[in-house]
Amino acid sequence: MDPMLIRFGWAVHLILCYYFIRPLRYGSHRALFTMIPCSILLFAGCQNLPRVQMSSVMTVSLYWMITIRLFHLIVLSSNEPCSFPAYICKFLWFLLPVTPCQSKTPLSFYLGSASIKLLINHWIFQWLRVCPPNDSYGRLAMFYISICSGTFIYDLQAVVVRLVTRHQYTVLDFNDYPFLSKSIREFWGRRYNRLVGTLLKESLFDPIRRLFKTSATLAALTCFVVSGFLHAHVATAAFGASSPLPAFTFFVLQGIACCIVAQCPFTVPKIFGIALTHTFLLLTAPLYIGLFTRADPLFYEANKPPLLDATWLPKLPVPNICPQ
């Protein structure tokens with residue numbers, strides 16, 4: 001189906017949800033009229049996507065994020081006051097996650113951080129590109145560094161937004177030094193992929209606890225299950241995976257680990273916590289991250305980072321060894 005038609009369908013559904021479905025009295029009716037069109041648009045919009053391209057990953061993720069936000073605003077929180085401009089901004093936030101600026105970090109830090117991340121990101125990318133695909137722990141660790149360093153774009157966006165708004169607003173940091181996470185709960189809850197983490201907290205975790213009086217453990221596990229479905233869809237629609245189960249299992253395991261940590265009666269020393277967290281992530285990573293590290297070399301040709309071919313940028317030498 002034509003992507004433009006799908007986008008138009010989402011726009012129409014957003015408007016109909018606000019003006020016609022949100023005022024409905026019964027939650028079951030709101031859920032039915034919200035989720036059936038979402039399911040149709042989600043299915044139609046993710047058909048025949050280009051394989052192993054990050055644009056496909058982003059398309060599936062964005063449609064799922066819109067669905068989750070709609071479920072929150074229309075089904076779970078219909079009684080909360082929300083103007084139409086504020087309602088629309090909650091969806092535009094996915095594209096530019098602007099937040100009030102509470103940081104006094106100088107802009108020079110963001111520029112320096114972006115420069116270092118850019119250099120490392122290009123180096124790791126070139127290294128991954130010349131090495132054969134596999135899901136060895138060394139290659140998984142390299143891909144993890146690539147993801148963390150790829151956030152240089154957010155640093156540059158933060159500089160622009162702070163300059164334009166005279167330091168009143170900034171852009172939500174995608175990551176908050178995830179390699180310093182002392183527990184798997186801290187990694188997923190506060191440090192890694194804060195965009196999706198914020199969405200899940202605002203749209204699922206908090207409303208579920210408020211409406212159903214459930215424990216934080218059950219609400220958190222629900223978030224991981226939903227995230228598992230999202231990423232399982234990414235695995236099949238964007239990578240053509242034969243089964244969505246490994247990707248789904250990865251996120252359910254992360255949720256179970258977070259619940260165990262939350263109930264743990266003691267705290268391990270920081271250095272051991274960091275080591276245990278990343279050991280667990282590395283051991284389970286092949287279930288989902290393996291989709292990227294096992295991908296055909298075409299994946300790296302089709303998903304070059306910005307400025308990779310710029311001749312004026314310094315380049316780090318690529319090692320002639322590959323992780324096995």
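What you see is a predicted model; the values in this text were computed from it and never measured. (Residues numbered from 1 in each chain as written. Predicted model: local features only at pLDDT ≥ 70, side-chain atom pairs only at ≥ 80, totals over all residues. Heavy atoms only, no water.)

Chemist: With reference to specific residues and values, describe the packing of aromatic side chains.
Modeler: In this description, an aromatic ring pair is defined by two values, namely the gap between the centres and the angle between the planes. Applying the stated criterion across every chain yields a total of 32 aromatic pairs. Taking the centre distance of 4.8 Å and the plane angle of 40° together, the rings of phenylalanine 229 and phenylalanine 248 count as tilted. Taken together, the residues phenylalanine 229 in helix H10 (residues 216-239) and phenylalanine 248 in helix H11 (residues 245-263) connect sequence positions 19 residues apart. (Phe/Tyr/Trp six-rings, centres within 6.5 Å; stacked < 30°, edge-to-face > 60°. Helix = DSSP H or I, 4+ residues; strand = E, 2+ residues; numbered from the N terminus.)

Chemist: Could you give an account of the packing of helix H8 (residues 184-191) against helix H12 (residues 270-284), with specific residues and numbers?
Modeler: Two numbers describe how H8 lies on H12: the axes approach to 8 Å, and their chain directions differ by 80°. Here H8 lies roughly perpendicular to H12, going by the angle between them. Together, Ile184, Phe187 and Trp188 of H8 and Thr277, Phe280 and Leu281 of H12 make up the contact between the two elements. In the contact of H8 with H12, the residues fall into five nonpolar, one polar and no charged. (Axes fitted to C-alpha atoms, helices over the stretch in contact; angles between N-to-C directions. Parallel < 35°, antiparallel > 145°, perpendicular 65-115°, else oblique. Contact = heavy atoms within 4.5 Å. Nonpolar A, V, L, I, M, F, W, Y, C, P; charged D, E, K, R; others polar.)

Chemist: Give me H12: which residues, what numbers.
Modeler: Between its terminal C-alpha atoms H12 stretches 21 Å, which fits the 21 Å expected from 15 residues at 1.5 Å a residue. Buried residues of H12: Gly273, Ile274, Thr277, Leu281 and Thr284, and no others. Seen end-on, H12 carries its buried residues on one side only, within an arc spanning 115°. Facing away from the buried side of H12 by over 90 degrees, the exposed positions are Ile271, Phe272, Leu276 and Leu283. At its buried positions, H12 is contacted by H8 and H11. (Expected span 1.5 Å × (residues − 1). Buried < 20%, exposed > 50% of the residue type's maximum accessible area, 1.4 Å probe, protein only. Arc of directions from axis to C-beta.)

Chemist: Could you give an account of the state of the cysteines, with specific residues and numbers?
Modeler: Think of a disulfide as a covalent bridge from one cysteine sulfur atom to another cysteine sulfur atom. This structure, assessed with the given rule, holds one disulfide. Across the disulfide, cysteine 131 is cross-linked to cysteine 322 (sulfur-sulfur distance 2.2 Å). Sign of the S-S torsion, about -85° for the bond between cysteine 131 and cysteine 322, identifies this disulfide as left-handed. Of this pair, cysteine 131 sits in the loop between helix H5 (107-130) and helix H6 (137-149) while cysteine 322 sits in the segment after helix H14 (298-302), and the two are 191 residues apart along the sequence. Here cysteine 322 falls in the partly exposed class, since its relative accessible area comes to 27%. Cysteine cysteine 82 is unpaired, with the sulfur of cysteine 89 as its nearest cysteine sulfur at 9.3 Å. (Disulfide = S-S within 2.5 Å.)

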